[in-house]
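Secondary and tertiary structure notes
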Amino acid sequence: METPLRGLPAPPPLGAAALPPGTYAGQVVLVTGGGTGLGKAIAAEFARLGADLVIASRRAEQLKAAREELAAVPGAGRVSAAVCDIRDPERVAEVFDAAEAAFGLPDVLVNNAAANFPSPAEDLSPNAWRAVVDITLTGTWFMTREFGRRHLAAGTPGSIVNIGASYAWTGGPGFAHSAAAKAGVKNLVETLAVEWGPYGIQINGLVPGLFPHTDMTEDIRDGLERAAPDAKDARQPALRVGAPRELGWAATFLASPYARFVTGHTLVVDGANWQRRAVVNPEVVPVREQLGRGRFGG
């Protein structure tokens, strides 16, 4: 008899925690892009473990709502919000100044903020390329640099978690700008783990798979609907998509005292989806056709 397909078990319920209560009590955690989506989900898990939170984003209205929501998480410490364009190193420094004044030097930095949209490579304008690379790679670097320099000057340990993408390894047709930027983010993890490890600063990467949430951009949501409106789970080896809290649990572990010897590593949390391969590959469909674009130059 054929073995029934079950997929990976569902995660524990929202509100559960893998780490002991109070793991982050007295610690300050700064999360970029923390006002929405996966950034907010990650911040919530740090809050649940007692952290004082600083969430940063470019949009004040999103930050206000997120701040109220995170402050209501059981076990949360204090929550502050800062409007910040991470492409501006002066503004980045101001956010760290404000965090220090409010709670103290952040012990943990989660670089979640990024930009992305699908496009054939040949259609990318110089401004479109710069917009994605400047936020995703350069902005991550500015935040990381500021965090590292302050801890180096203070002689204190710290932990950084960079949110990456699996196409940093595989390439990303339709996302040349983002894939190139995320490859740079992954390399920063590997480079800085060696440079800053002697000073007590660890840095790791975290790659999410498909974690549907209400703040997904319209183009990504539309792409999912075109590809599999009723079959998202069936397209995953786990036979289910991820719950945002699962990414939060991974982030809180990587930055915790229980992962101090883990550095320079990028953890993929996607139910093995990025490793999926077909026995016989499907026919090649050019990116332009997948995105419904006409002939280039036509």
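Overview of the structure. (Residues numbered from 1 in each chain as written. Predicted model: local features only at pLDDT ≥ 70, side-chain atom pairs only at ≥ 80, totals over all residues. Heavy atoms only, no water.)

Turning our attention to helix H8 (residues 244–254). Among the 11 residues in H8, nine count as buried, and that is most of the element. Residues of H8 that are buried: Arg245, Glu246, Leu247, Gly248, Trp249, Ala250, Ala251, Thr252 and Leu254. Structurally, H8 contributes buried residues whose contacts are with helix H1 (37–48), strand E5 (158–163), strand E6 (201–208) and strand E7 (266–269). (Buried < 20%, exposed > 50% of the residue type's maximum accessible area, 1.4 Å probe, protein only. Helix = DSSP H or I, 4+ residues; strand = E, 2+ residues; numbered from the N terminus. Contact = heavy atoms within 4.5 Å.)

Time to look at the packing of H1 against H8. Between two packed helices, what matters for the description is the angle formed by their axes and the separation of those axes. Put simply, H1 and H8 touch, their axes get as near as 8 Å, and they point 55 degrees apart. As summarised for this structure, H1 and H8 are arranged oblique, according to the angle between their axes. Once H1 is placed against H8, the crossing between them reads as right-handed. Note on element contacts: H8 touches H1 through Pro244, Arg245, Leu247, Gly248, Trp249, Ala251 and Thr252, opposite Leu38, Ala41, Ile42, Glu45 and Phe46. Among the residues making up the contact of H1 with H8, the classes are represented as eight nonpolar, two polar and two charged. (Axes fitted to C-alpha atoms, helices over the stretch in contact; angles between N-to-C directions. Parallel < 35°, antiparallel > 145°, perpendicular 65-115°, else oblique. Left-handed = near helix turned anticlockwise from the far one by under 90°. Nonpolar A, V, L, I, M, F, W, Y, C, P; charged D, E, K, R; others polar.)

Applying the stated criterion across every chain yields a total of three aromatic pairs. On the basis of an interplanar angle of 25 degrees and a centroid distance of 6.0 Å, the ring pair of Tyr167 and Phe175 is categorised as stacked. Since its relative accessible area comes to 17%, Tyr167 is described here as buried. Overall, Phe175 belongs to the partly exposed group, its relative accessible area being 22%. (Phe/Tyr/Trp six-rings, centres within 6.5 Å; stacked < 30°, edge-to-face > 60°.)

Next up on the list: the pattern of salt bridges. Inspection of every chain in the model, using the stated rule, returns 14 salt bridges. A salt bridge links Arg48 to Glu45; the shortest N-O distance between them is 3.3 Å. Residue Arg48 and its partner Glu45 are located together in helix H1, separated by three residues, close to a single helical turn. Neither Arg48 nor Glu45 differs from the other in exposure class; each is buried. Notably, a salt bridge pairs Glu190 with Lys186, separated by 2.6 Å at the nearest N-O pair. Remark: Lys186 and Glu190 occur in helix H6 (residues 176–196); sequence separation between them is four residues, near one turn of the helix. If you follow the salt bridges from partner to partner, you end up with Asp97, Glu100, Glu146 and Arg150 in one network. (Salt bridge = Lys/Arg side-chain N within 4 Å of Asp/Glu carboxyl O.)

Moving on, we get to the packing of helix H3 (residues 89–102) against helix H4 (residues 126–154). Across the interface, H3 lies against H4 with an axial gap of 9 Å and an inter-helix angle of 45 degrees. For the element pair H3 / H4, the angle class is oblique. The crossing of H3 and H4 is right-handed. Here H3 contributes Pro89, Val92, Ala93, Phe96, Asp97 and Glu100 to the contact with H4, which in turn contributes Phe142, Met143, Glu146, Phe147 and Arg150. Looking at the contact of H3 with H4 residue by residue, the classes come out as seven nonpolar, no polar and four charged.

In short, shape yes, function no, at least from these values alone.
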